[in-house]
Amino acid sequence: AQPAAPADPAVLPAGVSAADMHAAITKFVAILGPQNVITDADHIAPYTKVMIAESEDLHRPSAVLYAREVSEIQQILKVCNEFKVPIWTISTGRNFGYGSAAPQSAGQVVLDLKHMNRILDVDPVLCTALVEPGVTYQQLKDYLEENDIPLWLSCPAPSAIAGPLGNTVDRGVGYTPYGEHFMMQCGMEVVLANGDVLRTGMGGVEGTSAWQVFKWGYGPYLDGIFTQSNYGIVTKMGMWLMPKPPVYKPFCIRYDKDEDIHDIVETLRPLRIANVIPNAMVFANVMWEAAAIMPRSKYYDGDGVTPDSVLEEIKAKEGLGAWNVYAALYGTKEQVEVNWQIITGAIKASGKGTIITEEQAAGTQPFDYRAKLMRGDMTLQEFGLYRWRGGGGSMWFAPVTAAKGSETVEQTRLAKQILGEYGLDYVAEYIVGMRDMHHVIDVLYNRSDPDEMARAHECFAKLLSEFGKRGYAVYRVNTAFMDQAADLFGPVKRKVDQTLKRALDPNGILAPGKSGIRI
Ligand code: ADP
């Protein structure tokens, strides 16, 4: 039987009348069929569920659309322009701690592209792939295995259910030598607000074989403006994949004291810049390590910040460091041996740090899931972080740090102090890029406690402003704080963002508010 026509939405986008919304929904149904136009509360509920410290009402969509083809997206945009209906695009919609699948403001129609999930091409010779938005990491991994293609992925931590396109356009990172995902992206197809289909890089050249191999094309390089933005809907993305190395050697270095973070950075930065350590290694603090493997209640049941004495007990009993470095070597046996000598020599010369090899860790956590991450395998182990305090609240505070010991010490001190004022834990890791580090802090709190949620919200605002005063800003932020984060980058940047928005999307229908950008 034909499904019934969808009911009128319970929530309307700002400035759109009920009559116009009804007309838009009717047209969406004509394009997609009634089964792909969702307005009932039960089915909208998962798209409203957020981990950020704001009421779900502020992020409740009016409707959810499922599209599978570029031509459908073009027709949807025509309707959106006609009725000024805003549309929030997601690919796999797992942006946990950054807003999940929910739009930046209430009433936006979610365009969910999870069913547009074809792996269009994998070239085992050039080590490239071309994927649609709904392709998940697990799907791509399975494809490579089933077809016996020895290429590795680079994934964010809870990766199986997320996907490369959504992660890359939000400039997410992973843990392999290809961990800076946007750097390894090559060529896009983008549907613009007026329905035009743009292929970036070499993609517009008729008959090209270089779309997935040469990033820059000719003239202004445009891919960047379609990341963390709302200038288009990305429908295809090219990416580079890493050849599986003959030898893979993950290792951990444990450091006892909080203040060791200074020397960790000074010792390892030169090795990273020289590519002796080729991957996006991490420095995880004791609380991150513990949270990945157990609930806080195993050692502490009180409110507020986990006391230092408890952390000392956890370190001793679980064998964890105050800081725990995870890195890996990749290559032939000879290459790995040479680099291993260099690394062990540098650690020895620094006079601190205990190296743990894969053999010594012998399949235990958290080493085991870290080893998986650094070879791009799927793991959901870090969902454990959400159990640390319980209650489903999580917001990533992720300031960019220059890879200098002094800066790390300052950022760690400041973050701990501010979180402490609000009774929240410092659960942190540094993810090392080429010369920067993403200082990723999971602001975990109990969403079912209104007081704690309000505190977490205030705390996050203060983290942004206090870090901002010292010249530190985030690489990415959740939907509740996009404007505040955008302000840190100065008024000229905001003006240029808006100028581009007005030129490419004059009705402001695409994801208004994303990264603080509106017409
Ligand atoms: P993941 O599940 O990998 O975390 P999402 O699908 O949640 O990725 O996407 C993350 C963010 O990227 C979304 O919130 C949205 O702002 C943006 N985004 C996702 N898909 C697209 C797309 N196809 N075109 C433009 N922006 C997108």
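Rules behind the numbers
Residues numbered from 1 in each chain as written. Predicted model: local features only at pLDDT ≥ 70, side-chain atom pairs only at ≥ 80, totals over all residues. Heavy atoms only, no water. Domains from an automatic or database assignment. Contact = heavy atoms within 4.5 Å. Buried area = accessible area lost by both parts, 1.4 Å probe. Salt bridge = Lys/Arg side-chain N within 4 Å of Asp/Glu carboxyl O. Polar contact = N/O pair within 3.5 Å; in protein donor to acceptor, adjacent residues only side chain to side chain. Helix = DSSP H or I, 4+ residues; strand = E, 2+ residues; numbered from the N terminus. Nonpolar A, V, L, I, M, F, W, Y, C, P; charged D, E, K, R; others polar. Pairing = 2+ DSSP bridges. Axes fitted to C-alpha atoms, helices over the stretch in contact; angles between N-to-C directions.

Caption draft 1: Quick look at the domain arrangement of the chain. Annotation of the chain at the domain level lists domain 1 (18-112), domain 2 (119-243) and domain 3 (247-469). Distance between the C-alpha centres of domain 2 and domain 3: 28 Å. Each side of the interface is counted separately: domain 2 has 22 residues, and domain 3 has 21 residues. Summed over both sides, the interface between domain 2 and domain 3 buries roughly 1,700 Å², with carbon and sulfur atoms accounting for 70% of that surface. Where domain 2 touches domain 3, the interface holds 1 salt bridge. Across the pair Lys-141 and Asp-377 runs a salt bridge, and its minimum N-O distance is 2.7 Å. Linking domain 2 to domain 3 there are 4 residue pairs in polar contact (both at pLDDT 80 or more). In terms of residue count, the dominant contributor to the side of domain 2 that touches domain 3 is helix H4 (residues 137-146) (3 residues). Tallied by class, the residues present in the side of domain 2 that touches domain 3 amount to 14 nonpolar, 6 polar and 2 charged.

Caption draft 2: Here's a closer look at the sheet that holds strand E1 (residues 37-38). With mixed pairing, the 4 strands of this open sheet are ordered in space as E1-E2-E4-E3. Strands with a single pairing partner mark the edges of an open sheet, and in this sheet they are E1 and strand E3 (87-90). Relative to strand E4 (residues 109-112), strand E2 (residues 64-66) is paired through 3 bridges, and the arrangement is parallel. Within E4, the position partnered with Tyr-66 by the bridge is Asp-112. In the packing of helix H2 (residues 41-48) onto the sheet, contacts are made with E1, E2, E3 and E4, and the angle to E2 comes to roughly 90°.

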